[in-house]
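A structural walkthrough
Read off the chains here:
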Amino acid sequence: MTGVMDQRRPRQRDQRKRVSGGAAAPALQVRGLSAGYGADLVLEAVDLTVPSGVMGAIVGPNGAGKSTLVKAVLGLVPLRSGSVELLGESIAKGRRRVGYVPQRSSVDWDFPADVLDVVTMGLYGTLGWWQRPGKAAKDRAMEALAGVGMADLYRRHISQLSGGQQQRVFLARALVQDADLYLLDEPLAGVDAVSEAALVSTLRRLRDEGKTVLAVHHDLNTLSDYFEWLTLVNRGVHSSGAVEDVFVPEELVKAYGRAPINLQAGAANAW
């Protein structure tokens, strides 16, 4: 391939050095995982290893099980079979070191809470549900809001925010937990350009601090720009690895069933 894709390769080779270096436990280790809802088996025989310290994307067609995979590794969807390790620990132990951002469509935005209330909810795991947040907790929440450019709106009701602003608030709720692994379900879906830039900048900063970021992503056009690690999912994991190895036509065909019309502009931009 020529053009934009060739220009990106040196940057991706540098990222591969960081991906393969070090001896830290994988951020996520999945073996033989099968999961679903009721009688519907959505994922079957999933094996997946995501190294620590990468910014990774989970990509696949609609209905492929991307969100189910995120929920399953967090224990929010029961496993039919298999095992999961989060940062080298069981789900029950490792989950306290994970920050989770759900799909925006799954949140009740009419819930009576302002921006600061939502972010301080991220501290309930350490505070306890019945302890009111004190000054220290609120200061941490404000710091997280400042990190995503939302501190000025801390008293705004969440229903009065734009979609991008709502997503930034939920990222701040995850940030306040000071997690080691961040799992995000389509954090960039339906957000404005300003919010997208702010979110990506924050996620890159987390990666640069040694955290691991793993996000369900829908826009193949921005995949190579934003991420260095890629997992292709369609009812199972078809391929996972450095973007320059996985984001290629032969691997995309395995997950999507047909080749992209055009990879020349830097991504698979039509299916």
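Presented here is a report on the structure given in the accompanying data block. Just so it is clear, the structure is predicted and the values come from calculations on it, not from any experiment.

Quick word on the overall build of the protein chain
- Looking only at helices and strands, the protein chain features eleven helices and nine strands.
- For the protein chain, the residues scored as buried account for 50% of the 271 residues in total.
- Carbon together with sulfur atoms contributes 50% to the accessible area of the protein chain, which is approximately 12300 Å² in total.

Topic: the side chain of Ser239
- Position of Ser239 among the secondary structure elements: in strand β9 (residues 237–242).
- Among the polar contacts listed, one links the side chain of Ser239 to the side chain of Glu251, at a separation of 3.3 Å.
- With residues up to four places along the chain from it excluded, the contact list for Ser239 reads Leu230, Thr231, Leu232, Val246 and Glu251.

Points about the packing of helix α7 (residues 163–175) against helix α8 (residues 193–208)
- At their nearest, the axes of α7 and α8 sit 9 Å apart, and the two run at 15° to each other. Between α7 and α8, the crossing angle belongs to the class labelled roughly parallel. Judged by the twist between their axes, the crossing of α7 over α8 is left-handed. When α7 is examined against α8, the residues Gly164, Gln165, Gln167, Arg168, Leu171 and Leu175 are found in contact with a partner set consisting of Val194, Ser195, Ala198, Leu199, Thr202, Leu203, Arg205 and Leu206.
- Of the residues that constitute the contact of α7 with α8, the class distribution is seven nonpolar, five polar and two charged.

So, the sheet that holds strand β1 (residues 28–37)
- Read from one edge to the other, the open sheet built from three strands follows the order β2-β1-β4, with strand pairing classed as antiparallel. Edge strands, defined here as strands with exactly one partner in the open sheet, are β2 (40–50) and β4 (79–86). Each neighbouring strand pair of the sheet contributes to a mean axis angle of 20°, computed without reference to strand direction.
- In the sheet, β1 pairs with β4 via six bridges, with the strands oriented antiparallel. Bridge pairing in β4 links Gln29 to Glu85.
- Along the sheet face, helix α2 (residues 66–73) touches β1, β2 and β4 and points at about 115° away from the line of β1.

Some words on α8
- Along its 16 residues, α8 runs 22 Å from first to last C-alpha, staying within 8% of the 22 Å computed at 1.5 Å per residue.
- All of the buried residues in α8 are Ser195, Glu196, Leu199, Val200, Thr202, Leu203, Leu206 and Arg207. An end-on view of α8 places all buried positions within 160° of arc, on one side of the element. Residues Ala193, Val194 and Asp208 are exposed on α8 and point more than 90 degrees away from its buried face.
- Taking the backbone nitrogen of Val194 as reference, a side-chain oxygen 3.2 Å away marks Asp192 as the first, capping residue of α8.
- Backbone geometry just after α8 places Gly210 at a positive phi near 95°.

What counts and how
- Residues numbered from 1 in each chain as written.
- Predicted model: local features only at pLDDT ≥ 70, side-chain atom pairs only at ≥ 80, totals over all residues.
- Heavy atoms only, no water.
- Helix = DSSP H or I, 4+ residues; strand = E, 2+ residues; numbered from the N terminus.
- Buried < 20%, exposed > 50% of the residue type's maximum accessible area, 1.4 Å probe, protein only.
- Areas by Shrake-Rupley, 256 points an atom, 1.4 Å probe, with all protein chains shown as cover.
- Polar contact = N/O pair within 3.5 Å; in protein donor to acceptor, adjacent residues only side chain to side chain.
- Contact = heavy atoms within 4.5 Å.
- Axes fitted to C-alpha atoms, helices over the stretch in contact; angles between N-to-C directions.
- Parallel < 35°, antiparallel > 145°, perpendicular 65-115°, else oblique.
- Left-handed = near helix turned anticlockwise from the far one by under 90°.
- Nonpolar A, V, L, I, M, F, W, Y, C, P; charged D, E, K, R; others polar.
- Pairing = 2+ DSSP bridges.
- Expected span 1.5 Å × (residues − 1).
- Arc of directions from axis to C-beta.

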